[in-house]
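Here is what each chain is made of, one letter per residue.
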Amino acid sequence: MSVEDDVPSLIEPSSILPAEGDAGTGGTVPLTIICGFLGAGKSTLVKRILTERHGYRIAVIMNEFGDTATINVSSPDDPGAQSEEFLELANGCLCCSIKDSGVAAIEKLMQKKGAFDHILLETTGLADPGPIASMFWQNEELAMGLGRDIHLDGVVCVVDAVFGRKQMEEDHAVDGIGESLRQIAGSDVILLNKVDLSSPEELEITEDMIRGINPVASVYRTVRGQIGLKSILGVDAYASRPFTTASLSQVETFACGGDHQDCGHNHSHGQTHYEMRGISSLQVDCPTLTSTQLARLDEWIRTVLWESHLPEGETTGSGLEILRCKGMFATEDGKTYILQGVRNLYEIAEVEGAAVSAAGVPDLGKVVLIGKGLEEPVRRSFQSLLTL
Ligand SMILES: Nc1nc2c(ncn2[C@@H]2O[C@H](COP(=O)(O)OP(=O)(O)OP(=O)(O)O)[C@@H](O)[C@H]2O)c(=O)[nH]1
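Residues numbered from 1 in each chain as written. Predicted model: local features only at pLDDT ≥ 70, side-chain atom pairs only at ≥ 80, totals over all residues.

- The name recorded for the protein in an unreviewed UniProt entry is CobW domain-containing protein, from Obba rivulosa.

1. Looking at the overall build of the protein
Now for step 1: For the protein, the count of helices and strands is twelve helices and 14 strands.
Now for step 2: Buried residues in the protein amount to 45% of all 388 residues.
Now for step 3: Considering only contacts within the protein whose residues lie at least 6 apart along the sequence, 74% involve residues at least 24 apart. (Helix = DSSP H or I, 4+ residues; strand = E, 2+ residues; numbered from the N terminus. Buried ≥ 20, exposed ≤ 12 C-beta atoms within 10 Å, placed from the backbone. Contact = placed C-beta atoms within 7 Å.)

2. Remarks on the confidence of the model for the protein
Now for step 1: With 64% of its residues at a pLDDT of 70 or more, the protein shows a mean pLDDT of 74.
Now for step 2: Under a pLDDT of 50 for its full length, residues 18-24 has, in the predicted model, five contacts with residues more than four places off or in other chains.
Now for step 3: Low pLDDT, under 50, characterises residues 248-275; the stretch is placed with 40 contacts to residues that sit more than four places away or in other chains.
Now for step 4: Reported confidence for the predicted complex is 0.98 by ipTM and 0.75 by pTM. (pLDDT = per-residue confidence, 0-100.)

3. So, the nonpolar core
Now for step 1: I34, A59, V60, I119, L120, V159 and I190 are the most contacted members of the largest nonpolar core, which has 92 residues in total.
Now for step 2: The element that contributes the greatest number of residues to this core is strand 6 (residues 150-160), accounting for seven residues.
Now for step 3: Split by domain, this core shows at least three residues from each of two domains, domain 1 (13-232) and domain 2 (245-385).
Now for step 4: Sequence-distant contacts of I34, that is, excluding residues within four places in its chain, are made with K42, L45, V46, L120, L121, E122, T123, V156 and V158. (Core = buried A, V, L, I, M, F, W, Y, C linked by C-beta atoms within 7 Å. Domains from an automatic or database assignment.)

4. What about the pairing of strand 14 (residues 365-372)?
Walk down a regular strand and you will see the side chains alternate between the two sheet faces.
Now for step 1: Summarising burial for strand 14: eight of the eight residues are buried, a large majority.
Now for step 2: Of the pairings in the sheet, the one linking strand 10 (residues 279-286) to strand 14 comprises seven bridges and is antiparallel in character. Paired with C286 across the bridge in strand 14 is G365.
Now for step 3: With seven bridges connecting them, strand 11 (residues 321-330) and strand 14 associate as antiparallel partners. (Pairing = 2+ DSSP bridges.)

5. Focus: unusual backbone geometry
Now for step 1: Residues other than glycine seldom take positive phi values, yet R224 does so here, at roughly 50°.
Now for step 2: Secondary-structure assignment places R224 in the loop between strand 8 (218-222) and helix 8 (229-232).
Now for step 3: With 14 C-beta atoms counted inside 10 Å, the residue R224 sits in the partly exposed group.
Now for step 4: One non-glycine residue, R343, adopts positive backbone phi at about 55°.
Now for step 5: Structurally, R343 is set in the loop between strand 12 (336-342) and strand 13 (345-351).
Now for step 6: You can call R343 partly exposed: it has 19 C-beta atoms within 10 Å.

6. Brief notes about the environment of V60
Now for step 1: Take V60: it is sitting in strand 2 (residues 58-65).
Now for step 2: Exposure remark for V60: the 25 C-beta atoms within 10 Å place this residue in the buried category.
Now for step 3: The contacts of V60, once residues within four sequence positions are left out, are V46, I49, L50, N72, L120 and E122.

7. Notes on the environment of L121
Now for step 1: Looking at the element boundaries, L121 is found in strand 5 (residues 118-122).
Now for step 2: Sequence separation between L121 and L31 is 90 residues, and the spatial gap between their C-alpha atoms is 7.3 Å.

8. A few points about the environment of Q283
Now for step 1: Locating Q283 in the fold gives a position in strand 10.
Now for step 2: Take Q283: there are 27 C-beta atoms within 10 Å of it, and that puts it in the buried class.
Now for step 3: Distance from Q283 to A295, taken between C-alpha atoms, is 20 Å for residues twelve residues apart in sequence.

9. Focus: the pairing of strand 7 (residues 189-193)
Now for step 1: Buried residues dominate strand 7, accounting for five of its five residues.
Now for step 2: Along strand 7, one buried face is formed by V189, L191 and N193 and the opposite face, lined by I190 and L192, is buried too.
Now for step 3: Note that strand 6 and strand 7 share five bridges and pair parallel. Residue pairing across strands places V159 opposite L192, the latter belonging to strand 7.
Now for step 4: The handedness of the strand 7 to strand 8 crossover, carried by helix 7 (residues 200-213), is right-handed. (Right-handed = clockwise from strand over helix to strand, strands pointing away.)

10. Examining helix 10 (residues 291-307)
Now for step 1: With 17 residues, helix 10 extends 24 Å between its outermost C-alpha atoms, agreeing within 8% with the 24 Å of an ideal straight helix rising 1.5 Å per residue.
Now for step 2: Among all positions of helix 10, only Q293, L297, I301, V304 and L305 are buried. Looking straight down helix 10, one finds that the buried residues subtend no more than 95° of arc, so they occupy a single side. Projecting away from the buried face of helix 10 at angles above 90 degrees are the exposed residues S291, T292, A295, E299 and W306.
Now for step 3: In the core, the buried residues of helix 10 are packed alongside strand 11, strand 12, strand 13 and helix 12 (376-385). (Expected span 1.5 Å × (residues − 1). Arc of directions from axis to C-beta.)

Dropping the structure here:
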């Protein structure tokens, strides 16, 4: 966590571009979704990226004037020379129109001007990033058609350091899951912005709440969205390759590591459960699996994500809804698998040996679920997979 209030320096061209021979992205252009509370600083962030001398052609799609969105493209050498196009939105909402008119406009622009290094999509303050993310991830229709040149890189959420806490508390008080919680839960990188306007104590509380909702996202503190581009772009959060040991151990830094009665976390050996009314996360350790257990894990994830109940048919008190899941685990035959899930879309993919050695696989696998209704029966049900 750092307050990055210096003007970011020029970064190496390779650091946000896909690595050469990168599996899975196939030379397609990465797309990052920027979401966040109303007035949190999304436009400040994207406008800074547009006008900074970073050496990239970044297309920024903003939903600025009601039923019109703008597509601005940064010039690699001259920040003042960015170009702008307008995009009519069918029903006034970028999120609803992006799949057809938005993607078509991006493709047209790319044909006209050559490929971009990156695409940024700024959503409105009330948007839930989940449906947009799943539109760009594991979407065969899009992959075969207009969106074949684009892949989802990550979701960045800008949280207001002044009003974020109040917003989250209000969203906890309503039925279901409020938008601010969905935004935090569905993000891969979170910028706690406007830290110049908040006290250190207030920042700690807000950041604890954020981590309580989403323990797998990277959290940075910022002023006017000042952050090095490589922290938010090129994160490849949906890749079928292992998470680094650092990103997995990040989850553990929030566990109190014992049977604390007063820490507000409900957890015991190897499992951590963060409860914040509407939404929580559940982390379960996963020892080396037999092939039967792997098949059962796949079936368990499928049932929970697709049917919103446990394989035993049990439902949890507050209803089960998974917004995001991630995991990495090994099998007895020496293979390593990753789990990636957004809403009801998921994949369990084997990862290459070389990629595994590069990332460093921890001794114990982990599965992290973020969503609603992640109560004790869910943990028990998952554990029962591992006992057969
Ligand atoms: N002091 C301070 N002001 C900021 C910071 N970031 C943004 N602002 C100001 O906050 C206001 C809202 O910022 P925007 O970037 O428009 O926020 P937004 O999230 O795009 O807003 P909506 O599109 O309305 O949801 C503007 O007046 C910004 O100048 C920050 O870190 N510190």
